[in-house]
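Here is how the chains run, residue by residue.
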Amino acid sequence: MWLTFFAAVVLAVVFVFLPGAIFFRALRFGWLSSILIAPLYSIAAYPVIGTMFGFAGITSSWMSVFSACLAFGCVAFAISLIIERAVKLSDFSILGASCGFDVCIPLRFRDAALYVVVACVLVGFVFVYNLDGASSFAQTIDSTHHLGEARSFVQSGDWSSFGSSQYLENEAISPFELTSSFYPSGWHCLVALIVSALGVPVTLGANAVNTALLVAVFPCGMYFALSFMFKGERKVVLWGALAIMCFAAFPWRFIYWGVLFPNLLAYCLVVPVAIVFAIGISDLSHRFQRLKYLVAFCIGMIALVFSQTNAVFTAAVFLIPYCLYRIFETTIADKGLKGYSRRCFIGVGGFLVFVVAFWLFCFKLPFMQGVVNNTWAAVYTWPQAIVNAILLSYRETPVQLLLSLFVAFGLFVSLKERRYRWLAAAYAIASIMYIINASSDGLLKQLIGGFWYTDHNRLAANAALFAMPLAALGMSGVFDFVYRKCNICSKTTIAHNRIKNIAAPYVLACIVTAAAVFFPSYSIPGWTNVTTAFGYTQDRIAAMYSASEPNVYAPDEVEFVEKALSSIPDGGLIINNPMDGSCFAYGAEGANVLYRSYFGYGDSDETLESVLIRTELNDISEKEEIRAVVDKLGAQYVLQLDSGCEYGSEKSLGEYDPRLWIGIDEINEKTEGFELIMEDGDKKLYKITE
């Protein structure tokens, strides 16, 4: 199974990078730039193609969707070659790689490889090593949706982001009134590609996609971004290979808490998306160069929308300080001329008015109300939230003292150098947004954090993302300071950045820093137990992804479901109580259970048939309307995984109201209309005989 897992990771990397690299090369990006930002195109294209196929009635599969995505990139590449040959050395050469980002700010394959290698080591150590098998999954509320929707994509052949649900293969059995509303499904499309291509379990496909995001998509995008932020400061960029993986709040928390897989995908892209815009309005870009970066930015925004839309606002928060910096730099370009201070004031003031007006406009949009009015209650006092933000212990995770010192030093350096102050401003804004959302309730909280559901976990991830460049800057600065003090290197060597002369100390410093940051939890005998940030993270991953320890959907229950599926006809509809863990049976095992979600029962969009089933199914022999509903749905079996048990925190998913499921829970061997055909302790499978 592990060989299949690693093959799936490699295939996911191919799916994400190959079409995009060809497409961006067609726009005359250098080859390395094209590879680094390739996911922007691929992750935008897959859900768009899936949605278009859905509207056109074309069946989506890995072959059809990947072929369409790749073909469009190849056609664009062929057209660009034809145009280049036609105009030869004319103005089209301005768009060529020779004038592009690769030359103005050198990118190196070996530096990009360093980012990937470091990510591979750390992801293997923190994530993959702690999986309880390649197909293990986190039994959380969101997992029911993410795994179920990915399986529904594969089974139905409909990969549209409009009207996506877990019932696409048979909408007639849905307990809810299905609508055509938009839901970002970029992550689900990637999992569907892997499952469709290799025929692996959805759970394995999900783990493979997440691993590919962490070892390739995130580090490549961040290398591209940091190379622009710190142009001419290669040591800072190299330290970024370690710095971007050091924050427990992101990306690590998103793979075990929630789980926030779509947000993980979106946040892996958000910084490079913002940076292609920043490059487009920087002094580096000729007007033709700006055009290709504008195109890349627009494609990246589509990728964010189809991954998790709140990332669009994360990119905006990151870019606002940079835009102000560019306005300031442009209007104060010649201090000897009168009127430039006035132009600066007008430019900055006008831009801020635009930002506030646009933010309020989006906040008031009707289709955004379900998001911006969602409230996560405050969990800290404001002094505690401030301390958490400073020590990078945003929510539950232990403090990261050493890393916070690196960030603080990087913040100090950025405030001293004007070209880096926008990074400090972005981090300060993100930290303030987290503090407000974690420590208060009310209109300001909704206005500031509503686009992220006022979820302080997502806002903490914003702060962590924006702290990563500062951490790299701080690590480089601290290392240089210590290096000088130890007289290991002369001032001339440091001034000329002769990397070869400091390779050994650099590697040693990286190893020591990584060991300190990623050190597991430990105990001091006779004194205390120490829980470190990554010790806690590893423990949580191991616990959440355990396939052998007792859980809501316990190992013996998984085994029972697998046996049940082998003894009943394929596709037989099974009525279940989702709170006993059987809501995972569809996404994980492909069981055709009726109830695949833990929430929404009793809401206005639930069908009358569903209400009758879960509250009165046990009266099927006495009520004709119940028999009619069962016949209409084609239900044949009833599954109970916790028969006769009182549902508690370890037996049910979320808060359990037994009144909602009395029609299923009260079925037993004596209930007329049902025949017990399989039993193992409190796990039972009945056949409906009425």
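Residues numbered from 1 in each chain as written. Predicted model: local features only at pLDDT ≥ 70, side-chain atom pairs only at ≥ 80, totals over all residues. Heavy atoms only, no water.

(A) Representation of the packing of helix H9 (residues 202-229) against helix H11 (residues 261-280) within the structure. Interhelical geometry of H9 versus H11 gives an angle of 20° and a closest axis separation of 9 Å. Taken together, the axes of H9 and H11 are roughly parallel relative to one another. When the axes of H9 and H11 are compared, the crossing they make is left-handed. Across from Asn210, Leu213, Leu214, Val217, Phe218, Gly221, Met222, Phe224, Ala225, Phe228 and Met229 in H9, the residues of H11 making contact are Phe261, Leu264, Leu265, Tyr267, Cys268, Leu269, Val271, Pro272, Ile275, Val276, Ala278 and Ile279. (Axes fitted to C-alpha atoms, helices over the stretch in contact; angles between N-to-C directions. Helix = DSSP H or I, 4+ residues; strand = E, 2+ residues; numbered from the N terminus. Parallel < 35°, antiparallel > 145°, perpendicular 65-115°, else oblique. Left-handed = near helix turned anticlockwise from the far one by under 90°. Contact = heavy atoms within 4.5 Å.)

(B) Molecular detail of the layout of surface pockets. For the largest pocket, the calculated volume is near 1500 Å³. If you go around the largest pocket, you meet 48 residues; those closest to its centre are Asp142, His145, Tyr183, Ser597 and Phe599. Elements supplying a minimum of two residues to the lining of the largest pocket: helix H7 (141-156), H11 and helix H23 (533-544). Partitioned by chemical class, the residues of the lining of the largest pocket number 20 nonpolar, 20 polar and eight charged. (1 Å grid on protein atoms, 1.4 Å probe; cavity = no way out; pocket = protein on both sides within 12 Å on 5 of 7 lines; lining within 4 Å. Points joined across faces, edges and corners; volume = space filled by probe spheres on them. Nonpolar A, V, L, I, M, F, W, Y, C, P; charged D, E, K, R; others polar.)

(C) Inspection of the pattern of salt bridges at higher detail. Inspection of every chain in the model, using the stated rule, returns 21 salt bridges. Across the pair lysine 683 and aspartate 556 runs a salt bridge, and its minimum N-O distance is 2.9 Å. With lysine 683 in strand E6 (residues 683-688) and aspartate 556 in helix H24 (residues 555-567), the pair connects residues that are 127 residues apart, well separated along the chain. Exposure remark for lysine 683: the relative accessible area of 5% places this residue in the buried category. Where salt bridges share partners, they join Arg108, Asp111 and Arg234 into one cluster. (Salt bridge = Lys/Arg side-chain N within 4 Å of Asp/Glu carboxyl O. Buried < 20%, exposed > 50% of the residue type's maximum accessible area, 1.4 Å probe, protein only.)

(D) The arrangement of the packing of aromatic side chains in detail. One pass over the structure, following the stated rule, counts 52 aromatic pairs. Where tryptophan 239 meets phenylalanine 479, the ring centres are 6.0 Å apart and the plane angle is 55°; that geometry is what we call tilted. On the criterion of sequence distance, the pair formed by tryptophan 239 in helix H10 (residues 234-243) and phenylalanine 479 in helix H20 (residues 456-485) is long-range, its members being 240 residues apart. With relative accessibility at 2%, the residue tryptophan 239 sits in the buried group. Centre to centre, the rings of tyrosine 598 and phenylalanine 599 are 5.0 Å apart; their planes meet at 70°, and the pair counts as edge-to-face. On the accessibility criterion, tyrosine 598 (22% relative accessible area) is partly exposed. When its relative accessible area of 46% is taken as the criterion, phenylalanine 599 is described as partly exposed. Here the aromatic residues Phe23, Phe24, Phe29, Tyr41, Phe72 and Tyr293 are joined through ring pairs into a cluster of three or more. Cation over ring: arginine 614 sits above tryptophan 661, and NZ or CZ is 5.9 Å from the ring centre. (Phe/Tyr/Trp six-rings, centres within 6.5 Å; stacked < 30°, edge-to-face > 60°. Lys NZ or Arg CZ within 6 Å of the ring centre and 35° of its normal.)

(E) Fine view of the environment of proline 251. Tracing the chain through its elements places proline 251 in the loop between H10 and H11. Proline 251 sits 235 residues away from valine 16 along the chain, and the two C-alpha atoms are 18 Å apart. Setting aside residues up to four positions removed in sequence, proline 251 forms contacts with Leu214, Phe218, Ile244 and Leu264.

(F) The arrangement of H7 in detail. Here H7 spans 23 Å end to end across 16 residues, near enough to the 22 Å set by a 1.5 Å rise per residue. Within the span of H7, buried status applies to Ser143, Thr144, His146, Leu147, Gly148, Glu149, Ala150, Arg151, Ser152 and Phe153. Buried residues along H7 sit in contact with helix H8 (186-198), H9, H11 and helix H25 (584-589). (Expected span 1.5 Å × (residues − 1).)

(G) Up close: the sheet that holds strand E3 (residues 573-576). Spatially, E3-E4-E6-E5 is the arrangement adopted by the four strands of the open sheet, whose pairing is mixed. Among the strands making up the open sheet, the edge pair consists of E3 and strand E5 (674-680). Across the sheet, the axes of successive neighbouring strands diverge by a mean angle of 25°, strand direction being ignored. When E3 meets strand E4 (residues 635-640), the two strands line up parallel, connected through four bridges. Bridged to isoleucine 575 within E4 is valine 638. (Pairing = 2+ DSSP bridges.)

(H) Structural detail: unusual backbone geometry. Omega for the peptide link from phenylalanine 250 to proline 251 comes to 5°, which places this bond in the cis form. The step from glycine 258 to valine 259 runs through a cis peptide bond, and the omega angle for that step is 0°. Along the chain, valine 259 falls in the loop between H10 and H11. Positive phi outside glycine occurs at leucine 392, with the angle close to 60°.

(I) Main features of helix H13 (residues 310-331). Look at H13: 32 Å from first C-alpha to last across 22 residues, which is about the 32 Å you get at 1.5 Å a residue. Of all the bends in H13, the greatest reaches close to 35° and is centred on leucine 319; the proline proline 321 follows between one and four positions later. Burial of H13 is extensive: 17 of the 22 residues sit out of reach of the surface. (Bend = angle between axes of the 7 residues up to and from the residue.)

(J) The nonpolar core, seen in detail. Of all hydrophobic cores here, the largest spans 200 residues; its most connected members are Met229, Phe247, Phe250, Trp252, Ile275, Phe318 and Phe518. For this core, the element with the highest residue contribution is H9, accounting for 20 residues. Not counting chain neighbours up to four residues away, the residues in contact with phenylalanine 250 comprise Phe218, Ile244, Leu264, Tyr267, Cys268, Ala461, Ala464, Leu465 and Met468. The next biggest cluster of nonpolar side chains, apart from the first, holds 26 residues, and it includes Tyr167, Leu594, Leu617 and Ile626. (Core = buried A, V, L, I, M, F, W, Y, C linked by side-chain atoms within 4.5 Å.)

(K) Main features of a nonpolar patch on the surface. On the surface, a nonpolar cluster with roughly 350 Å² of combined accessible area is contributed by Val399, Leu401, Leu402 and Leu405. For leucine 405, the position within the fold is in helix H17 (residues 401-416). (Patch = residues over 30% accessible without salt bridge, like charges linked within 9 Å, V, L, I, M, F, W, Y side chains within 5 Å. Areas by Shrake-Rupley, 256 points an atom, 1.4 Å probe, with all protein chains shown as cover.)

(L) Molecular detail of the environment of proline 219. Relative to the helices and strands, proline 219 resides in helix H9. In this structure, the C-alpha to C-alpha distance between proline 219 and leucine 269, residues 50 residues apart in sequence, is 10.0 Å. Look past the residues within four positions of proline 219 in its chain and what remains in contact with it is Tyr115, Val116, Ala119, Leu213, Leu214 and Ile244.

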